[in-house]
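Okay, here's what each chain looks like letter by letter:
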Amino acid sequence: MTIREIKENELGELLELYTHLHELGVPENSEHLHNTWAAICNDENHQIIVCEVDGKIVSSCVCVIIPNLTRNIRPYAFIENVVTHTDYRGKGYATACLNYAKELASQANCYKMMLLTGSKSESTLNFYKQAGYNCADKTAFIQWL
């Protein structure tokens, strides 16, 4: 198992992994897709962390470091798109990705990390609790656009 940041040439493999998240398929190969990917790759505060097993990306999460003017001008980290390929779940790969994200956030002097999940599954919620997150400190609200 290798935990690392994604390489620019691994977009296709990442998009295939995302079909194990909630996507119904891989997005159309378009200028918009490539422009978005380029923006992500060129943003020093936007990291896509992957777990590679036997040359295959099997798990991933996104960690975005957000500059902030409060909390003594310390940034915070937002975690999104936590996913593990269905055939590789329960082996600690997503936990390893989240731990790498925590290292990035610590190195950036973040004062907190946040993530949201749409899952109501007890096993998913327990997974995040075991990874060090809690659902007691804050209340999340979402407005879909």
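Details of the structure are given in the entry above.
Bear in mind the structure is a predicted one, so any value in this text is a computation, not a measurement.

Attention now moves to the overall build of the protein. In terms of helices and strands, the protein carries four helices and five strands. By the compact-globule yardstick of 15 Å for 145 residues, the protein fits well, its C-alpha radius of gyration being 15 Å. Projected onto the principal axes, the alpha-carbon positions of the protein cover approximately 40 × 35 × 35 Å. Per-residue burial for the protein yields a buried fraction of 31% across its 145 residues. Pairs at least 24 apart in sequence give 61% of the contacts found in the protein among residues at least 6 apart. Of the roughly 9,500 Å² of accessible surface on the protein, 50% is carried by carbon and sulfur atoms. Across the protein, the 12 positively charged side chains and the 17 negatively charged ones have centroids separated by 12 Å.

For the coordinates displayed, the defined rule picks out two salt bridges. One salt bridge in this structure joins Arg4 and Glu10, with 2.6 Å as the shortest N-O distance. A salt bridge links Arg4 to Glu52; the shortest N-O distance between them is 2.9 Å. Taken together, the residues Arg4 in strand S1 (residues 2-5) and Glu52 in strand S2 (residues 46-53) connect sequence positions 48 residues apart. Residues joined by salt bridges that share partners form a network here, namely Arg4, Glu10 and Glu52.

Applying the stated rule across the entire model yields three aromatic pairs. On the basis of an interplanar angle of 75° and a centroid distance of 6.5 Å, the ring pair of Tyr76 and Tyr111 is categorised as edge-to-face. With Tyr76 in strand S4 (residues 76-84) and Tyr111 in the loop between helix H3 (93-107) and strand S5 (113-115), the pair connects residues that are 35 residues apart, well separated along the chain. In this arrangement the basic side chain of Lys112 is found over the ring face of Tyr76, its NZ or CZ atom lying 5.6 Å from the centre.

Quick look at unusual backbone geometry now. Unusually for a residue other than glycine, Asp54 sits at a positive phi of about 50°. Here Asp54 is to be found in the loop between S2 and strand S3 (56-66). A residue is classified by how much of its surface remains accessible, and Asp54, at 80% relative accessible area, is exposed. Notably, Ile73 is not glycine yet its phi reads approximately 60°, a positive angle. If you trace the backbone, Ile73 turns up in the loop between S3 and S4.

Turning our attention to the nonpolar core. Ranked by size, the top nonpolar core spans 21 residues in total, and within it Ile49, Cys61, Cys63, Ile79, Val82 and Leu98 carry the most contacts. Contributions of two or more residues to this core are made by S2, S3, S4 and H3. In terms of residue count, the dominant contributor to this core is H3 (seven residues). Ignoring anything within four residues of it in the chain, the contact list for Ile79 reads Cys61, Val62, Cys63, Leu98, Ala101, Met113, Met114, Leu115, Leu116 and Tyr133. Listed in part, the 13 residues of the second largest apolar core include Ile6, Ile48, Val50 and Val62.

About the thresholds
Residues numbered from 1 in each chain as written. Predicted model: local features only at pLDDT ≥ 70, side-chain atom pairs only at ≥ 80, totals over all residues. Heavy atoms only, no water. Helix = DSSP H or I, 4+ residues; strand = E, 2+ residues; numbered from the N terminus. Rg over C-alpha atoms; globule rule 2.2 N^0.38 Å. Buried < 20%, exposed > 50% of the residue type's maximum accessible area, 1.4 Å probe, protein only. Contact = heavy atoms within 4.5 Å. Areas by Shrake-Rupley, 256 points an atom, 1.4 Å probe, with all protein chains shown as cover. Lys, Arg positive; Asp, Glu negative; His and termini not counted. Charge placed at Lys NZ, Arg CZ, Asp CG, Glu CD. Salt bridge = Lys/Arg side-chain N within 4 Å of Asp/Glu carboxyl O. Phe/Tyr/Trp six-rings, centres within 6.5 Å; stacked < 30°, edge-to-face > 60°. Lys NZ or Arg CZ within 6 Å of the ring centre and 35° of its normal. Core = buried A, V, L, I, M, F, W, Y, C linked by side-chain atoms within 4.5 Å.

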